[in-house]
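# A look at the structure
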Amino acid sequence: MTSAETRSPLRQLHLNVNILHSGFLPSAWRVAEADPNAFVDVAHYVRVAQIAEAAKFDAVFLADNASIADQIGFRPITALEPTVLLACVAAATTHIGVIGTASTSYNEPYNIARRFSTLDHVSAGRAGWNVVTTADLGSARNFGYTAVPDHAERYARAAEFTELVKALWDSWEDGALLGNKLDGRFVDTERVHPVAHRGKYFNVEGPLNLPRSPQGHPVLVQAGGSADGRELAARHAEAVFSASQSFDESLAYARDLKARAAAYGRAPVKILPGLTTIVGATEADALRRRDELVDLIPWTYSLNRLAGTLGIGVERLHLDEPLPQDLALPGGGSGNHTFFHAMLAQARRHGYTVRELIRSMAGGTGHRVIVGTPEQIADDIEHWFREGAADGFNLMPDVLPGGLQDFVDGVVPILRQRGIFRSEYEGRTLREHLGLTRPDNGRLWLKTA
């Protein structure tokens, strides 16, 4: 994307909210207004989605894990299955997109194609699939493995998986469903095609057992910063949830990914970095809010979480010393590259001790945290957006729903005054919100292996 394109007055900021149960901070469930049961209460997710929809956000997003991947003695976890929960959210809203995570490591392509096509049908064209591989040992063990599959192997499987899901979504041509009462023809069976895929990882006959969904394909989202992850995103993703700690890092990432997508003859990918916001009437108020929330997090929790992100034993971390110098990718390269690099970059750039790093990240594991007034936060967002380091943000408010309401009440009006965020929806589908075209039905049959 050129500098002129990033400054176009027609270009609009994209905002999603990542509904991380009670909020991004591990202590969010402990604030006075929080309900500890919110992580399994559909009404909580609906309320957050309705606040975001009233503010004209593009989508809500749900992460997912196939295991207990956090320390449940200290905080809520991602528990409810995303597509079931998002169907409930879709029923309680009219415009906002519903994006859910599903792993290619521990699912099958037919089930995922059917699940997200169903979500697109029941939401009238608002669904998105966040494509991830899964790197934690707990998930591997839950599916009968004794070790995490190799990083390159996971992404090779993901590439075939995603191609196959798209082929299944295309197995019904547009217009195949007739419903002609006069001549008794319900489906034009010549326009419904088997996939007949025989690959390295999957053998699937097809076709899918439901018609092509309102968006043609649910929006494809990807989250991953490794070289393999970038290639998967460049080939398939229409938006990417990234983790960048600095403007320069995000700008370089955006340019690289857009160039990779262009090499495949594809339109530019929407770059949506994760952003945690802590809003205060003054900067001092915001910093005090952050410190109060961080001080509610047991240091035992924070140290164990950081050690897990870095792939080292917790005994190697000392609160008032820098991170160890000899850190290598976790799991011999098979662990999560994205958050390892994000955490390491933040620590090295500022020379933080472990204590300072944890406080700067608000107890998190790699997403950028901005603490300030609505004006300061709007300035930061506008700078990243206008200069091409981001097309929008995947927001992770400190506390939900209160932190989101603070953002909506304080920051959104400023973004509108500056002409970069919508006041009304111009369409009803997630593709329309993101400025994406409906894919042609190309019947993307795969070459058999």
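Residues numbered from 1 in each chain as written. Predicted model: local features only at pLDDT ≥ 70, side-chain atom pairs only at ≥ 80, totals over all residues. Heavy atoms only, no water.

When helices and strands are counted, the protein chain shows 16 helices and 13 strands. Whereas a compact globule of 449 residues would reach a radius of gyration of roughly 22 Å, the protein chain reaches 22 Å, a difference of no more than 12%. Dimensions of the protein chain, computed from C-alpha atoms along their principal axes, come out at roughly 75 × 50 × 45 Å. Burial statistics for the protein chain: of 449 residues in total, 55% are counted as buried. The long-range fraction of contacts in the protein chain, counting pairs at least 24 apart against all pairs at least 6 apart in sequence, stands at 77%. Total accessible area on the protein chain is roughly 18,400 Å²; 52% of this is exposed by carbon and sulfur atoms. (Helix = DSSP H or I, 4+ residues; strand = E, 2+ residues; numbered from the N terminus. Rg over C-alpha atoms; globule rule 2.2 N^0.38 Å. Buried < 20%, exposed > 50% of the residue type's maximum accessible area, 1.4 Å probe, protein only. Contact = heavy atoms within 4.5 Å. Areas by Shrake-Rupley, 256 points an atom, 1.4 Å probe, with all protein chains shown as cover.)

Right, let's talk about the pattern of salt bridges for a bit. Per the stated rule, a full pass over the model turns up 32 salt bridges. We note a salt bridge from aspartate 391 to arginine 11, for which the minimum N-O separation is 2.9 Å. Of this pair, aspartate 391 sits in the loop between helix H13 (374-386) and strand S13 (392-395) while arginine 11 sits in the loop between helix H1 (3-6) and strand S1 (14-18); the two residues are 380 residues apart in sequence, bridging distant segments of the chain. You'll find aspartate 391 and arginine 11 in the same group, each marked buried. A salt bridge links lysine 258 to aspartate 391; its shortest N-O distance comes to 3.0 Å. (Salt bridge = Lys/Arg side-chain N within 4 Å of Asp/Glu carboxyl O.)

We now examine the confidence of the model for the protein chain. The share of residues in the protein chain with pLDDT of 70 or more is 94%, and the mean pLDDT across the chain is 91. Note on residues 444-449: pLDDT under 50 across the span, and 19 contacts to partners over four residues away in sequence or across chains. (pLDDT = per-residue confidence, 0-100.)

So, about the packing of helix H2 (residues 42-54) against helix H14 (residues 402-410). With their axes 10 Å apart at the nearest point, H2 and H14 run at an angle of 5 degrees to one another. Taken together, the axes of H2 and H14 lie roughly parallel to each other. Between H2, through Val48, Ile51 and Ala52, and H14, the contact on the second element is made entirely by Leu404, Gln405 and Val408. A per-class count over the contact of H2 with H14 returns five nonpolar, one polar and no charged. (Axes fitted to C-alpha atoms, helices over the stretch in contact; angles between N-to-C directions. Parallel < 35°, antiparallel > 145°, perpendicular 65-115°, else oblique. Nonpolar A, V, L, I, M, F, W, Y, C, P; charged D, E, K, R; others polar.)

Structurally, tyrosine 106 is set in the loop between strand S3 (97-103) and helix H4 (109-122). As for tyrosine 106 and alanine 140, which are separated by 34 residues in sequence, their C-alpha atoms are 8.1 Å apart. Sequence-distant contacts of tyrosine 106, that is, excluding residues within four places in its chain, are made with Thr134, Ser139, Ala140, Phe143, Tyr145 and Pro149.

This part is about the environment of glycine 138. Inspection of the secondary structure assignment puts glycine 138 in helix H5 (residues 137-142). The spacing of glycine 138 and isoleucine 68 is 70 residues in sequence and 7.3 Å in space, taken between C-alpha atoms.

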